[in-house]
Amino acid sequence: MAITAIVSAPALGLAGSYQALCAGTKCTVVVGPDVISSPYGSIPINRVTNWGGGGDTSTQVGTGVATTILFGPIGLLGFLAKKHDFNFVVNGYDADGKKASLSLQFKNDKPAKRFINEMQQVTQLGMGQTRTAKEIMAAESSASTLSTGTLEGDAQLQESGLNSKTTDLAPSSNSNCWSKYLENNPAMKEWAEANPGMAAQNKKRFDDC
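Bear in mind the structure is a predicted one, so any value in this text is a computation, not a measurement. (Residues numbered from 1 in each chain as written. Predicted model: local features only at pLDDT ≥ 70, side-chain atom pairs only at ≥ 80, totals over all residues. Heavy atoms only, no water.)

## Let's talk about the overall build of the protein
At step 1: From N to C terminus, the protein includes 8 helices and 7 strands.
At step 2: With 209 residues in all, the protein has 38% of them scored as buried.
At step 3: Put simply, of all contacts in the protein between residues at least 6 apart along the chain, 62% involve residues at least 24 apart.
At step 4: Total accessible area on the protein stands at roughly 11,300 Å², and carbon and sulfur atoms take up 55% of it. (Helix = DSSP H or I, 4+ residues; strand = E, 2+ residues; numbered from the N terminus. Buried < 20%, exposed > 50% of the residue type's maximum accessible area, 1.4 Å probe, protein only. Contact = heavy atoms within 4.5 Å. Areas by Shrake-Rupley, 256 points an atom, 1.4 Å probe, with all protein chains shown as cover.)

The structure is reproduced here in structure tokens:
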């Protein structure tokens, strides 16, 4: 679902640091008032086009059985042990105007809930909402020091009213190819192979070349 307007400046005073997993490796993800960053790249807050994800919490039955055998009735508390798995993807354009994507995973529901809340505040986007390149260009100040790169080209295509199919057929730079992106980011390639469903959604943000 697209939105027709965005604020030119994100909420101030917000800055969250999260211990997460990036492509299966421990990492620190920072959601600040100006940029969201991870060891695999960064996206200015106002250049986030969409973000989303989800996960679930399940009871670790195996733990309950083991503790019951060892400790009797007291071991039944083991059935209350929870297993959490939450995955998120943030898409947008980096400071050079190139398409970028950040992936992170939480094994605890508390930081996952805090991440959702903070992302909604700083980006002014809820999960499922989309900010177009045209909207980003319109909101950015002419004095901005950020490069526009592919962002400007995408905005011009949207301004021309070209549909997504036509956009996909347009000549593209290798720097924005999904295959090239994975080639330059081995850890992200491993994540894509391990999470084909989410990777397929993420691939739509890149040129198919």
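## What to know about the pairing of strand S2 (residues 25–31)
At step 1: Bridge count between strand S1 (residues 16–22) and S2: 7 bridges; the pairing is antiparallel. Each residue of the ladder has a partner; that of Ala20, found in S2, is Cys27.
At step 2: Linking S1 to S2, which pair antiparallel, is a turn of 2 residues; within it Ala23 sits at a positive phi near 55°.
At step 3: Sheet topology note: the S2/strand S3 (residues 35–38) ladder contains 2 bridges and is antiparallel. Bridge pairing in S3 links Val30 to Ser37.
At step 4: Between S2 and S3, which follow one another and run antiparallel, lie 3 residues. (Pairing = 2+ DSSP bridges.)

## Quick notes on the nonpolar core
At step 1: Grouped together as the largest cluster of nonpolar side chains are 23 residues, with contacts concentrated most on Ile36, Phe88, Val90, Phe106 and Phe115.
At step 2: When residues of this core are traced back to their parent elements, those giving at least two are S1, S2, strand S5 (48–59), strand S6 (82–93), strand S7 (99–106) and helix H2 (109–123).
At step 3: Formed by 9 residues, the second largest nonpolar core is a distinct cluster that contains Ala23, Val89, Ala192 and Phe206. (Core = buried A, V, L, I, M, F, W, Y, C linked by side-chain atoms within 4.5 Å.)

## A closer look at the environment of Gln201
At step 1: For Gln201, the location among the structural elements is in helix H8 (residues 196–203).
At step 2: When the C-alpha atoms of Gln201 and Val89 are compared, they prove to be 9.5 Å apart, with 112 residues separating the residues in sequence.

## Focus: the packing of aromatic side chains
At step 1: Per the counting criterion, the structure on display carries 6 aromatic pairs.
At step 2: Taking the centre distance of 5.1 Å and the plane angle of 55° together, the rings of Phe88 and Phe115 count as tilted. Here Phe88, found in strand S6, pairs with Phe115, found in helix H2; they are 27 residues apart in sequence, far enough to count as distant.
At step 3: Taking relative accessible area as the criterion, Phe115 reaches 0% and is therefore assigned buried.
At step 4: Taken together through their ring pairs, the aromatic side chains of Tyr18, Trp51, Phe88, Phe106 and Phe115 make up a single cluster. (Phe/Tyr/Trp six-rings, centres within 6.5 Å; stacked < 30°, edge-to-face > 60°.)

## Regarding helix H4 (residues 149–159)
At step 1: Restricting attention to buried positions, one finds in H4 the residues Thr150, Leu151, Asp154 and Ala155. The arc enclosing the buried residues of H4, seen along the axis, measures out at 140°, which places them on a common side. (Arc of directions from axis to C-beta.)

## Focus on the pairing of S3
At step 1: Residues Ile36 and Ser38 line the buried face of S3, whereas the alternating positions Val35 and Ser37 sit on a face that is not buried.
At step 2: Pairing geometry for S3 and strand S4 (residues 41–44), over 4 bridges, is antiparallel. What sits directly across from Val35, in S4, is Pro44.
At step 3: Connecting the antiparallel pair S3 and S4 is a turn made up of 2 residues.

## Concerning unusual backbone geometry
At step 1: Notably, Ala23 is not glycine yet its phi reads approximately 55°, a positive angle.
At step 2: Within the secondary structure, Ala23 sits in the loop between S1 and S2.
At step 3: The buried category is assigned to Ala23, whose relative accessible area is 16%.
At step 4: With phi around 60°, Gln124 is a residue other than glycine that occupies positive phi space.
At step 5: Mapped onto the secondary structure, Gln124 falls in the loop between H2 and helix H3 (133–139).
At step 6: Looking at Gln124, the relative accessible area reads 40%, which means it is partly exposed.

## Considerations on the side chain of Ser38
At step 1: For Ser38, the location among the structural elements is in strand S3.
At step 2: Apart from the residues within four sequence positions on either side, Ser38 is in contact with Cys22, Thr28, Val29 and Leu102.

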